Amino acid sequence: MGTVVDDDASVEFHAFFERHYAELSRLAHLLTGEADTADDLAADALLALWHRWDRVRAADHPAAYARGVVANLARTRIRSAVRERRRIALFWSPREERIENPDVPGVVDVQEALRRLPFRKRACVVLRHAFDLSEKDTALALGISVGTVKSQTSKGMTELQRLLGTREVPRQVHAAVAATAGGKTAGSVRKRPGGATGRNR
């Protein structure tokens, strides 16, 4: 009987991986600004989820739990980068791109502006406006209250409007995640299994 349960858990986890890996990688990219390591951070998050899969599979919102793990890993990575001054350049390393889409420079500007936001504001803006999560789901993912989500999102959007000089920030942020999904605008990321958009309402 135990083998059957283990097999079921393995199948469930594989399906979860297929559905959410790409989404978690995009989230890691937008939260850290590190396109080259987003896949690895998402993989680390999923490995952590596998080790506690019994708890995750029993949760009311497994996807929100996963986003929370990615957010925590991203926060830890950023703090480490701040402490180690030699790694600050890795926060966001602009590199020359083969610009085939005239919107690419604008997307890079949005990603750079996101990098300047404090982490919590950035996370709220990304989850609400790039991943289209509800305020409740964003709160679940970050382990904060809905009121805090509203406040941090509003303040973050105001700062982005100031940095970008436009009021069309929601559309631009959404375009940034679309560009990330299409090819990691600020750097290419290895393709892994799972191409779902990961929108879970």
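Check the entry above for the structure.
Every value quoted in this text rests on a predicted model; they were computed, and no experiment measured them.

Quick notes on the rules
Residues numbered from 1 in each chain as written. Predicted model: local features only at pLDDT ≥ 70, side-chain atom pairs only at ≥ 80, totals over all residues. Heavy atoms only, no water. Core = buried A, V, L, I, M, F, W, Y, C linked by side-chain atoms within 4.5 Å. Buried < 20%, exposed > 50% of the residue type's maximum accessible area, 1.4 Å probe, protein only. Helix = DSSP H or I, 4+ residues; strand = E, 2+ residues; numbered from the N terminus. Contact = heavy atoms within 4.5 Å. Salt bridge = Lys/Arg side-chain N within 4 Å of Asp/Glu carboxyl O. Expected span 1.5 Å × (residues − 1). Phe/Tyr/Trp six-rings, centres within 6.5 Å; stacked < 30°, edge-to-face > 60°.

1. Points about the nonpolar core
Part 1 of the argument: Formed by 47 residues in total, the largest nonpolar core has its most connected members in L31, L46, L49, L114, V126 and L160.
Part 2 of the argument: The element contributing the most residues to this core is helix α1 (residues 2–32), with ten residues.
Part 3 of the argument: Setting aside residues up to four positions removed in sequence, L114 forms contacts with L30, R122, V125, V126 and L160.

2. Side note on the pattern of salt bridges
Part 1 of the argument: Taken as a whole and judged by the stated rule, the model has seven salt bridges.
Part 2 of the argument: As a salt-bridge pair, E159 and K121 come within 2.4 Å of each other at their nearest N and O atoms. Taken as a pair, E159 in helix α8 (residues 146–164) and K121 in helix α6 (residues 119–130) lie far apart in primary sequence, 38 residues in all.
Part 3 of the argument: It is possible to trace a salt-bridge network through shared partners that takes in E12, D54 and R57.

3. Re helix α2 (residues 38–51)
Part 1 of the argument: Taking 1.5 Å as the rise per residue, α2 with 14 residues should run 20 Å; its terminal C-alpha atoms sit 20 Å apart, in good agreement.
Part 2 of the argument: Those residues of α2 that fall on the buried side of the exposure criterion are A38, D39, L41, A42, A45, L46, A48 and L49.

4. What to know about α6
Part 1 of the argument: Among the twelve residues of α6, nine are classified as buried, and the element is accordingly described as predominantly covered.
Part 2 of the argument: Within α6 the residues assigned to the buried category are F119, K121, R122, A123, C124, V125, V126, L127 and A130.
Part 3 of the argument: With its phi angle positive at about 60°, D132 sits one or two positions after the end of α6.

5. Some thoughts on the packing of aromatic side chains
Part 1 of the argument: For the coordinates displayed, the defined rule picks out four aromatic pairs.
Part 2 of the argument: With 5.0 Å between their ring centres and 25° between their planes, F17 and Y21 make a pair best called stacked. On the criterion of helical spacing, the pair formed by F17 and Y21 is a turn pair, its members being four residues apart in helix α1. Grouping residues by exposure puts F17 and Y21 together as buried.
Part 3 of the argument: Put simply, the rings of F13, F16, W50 and W53 pair up and form one aromatic cluster.

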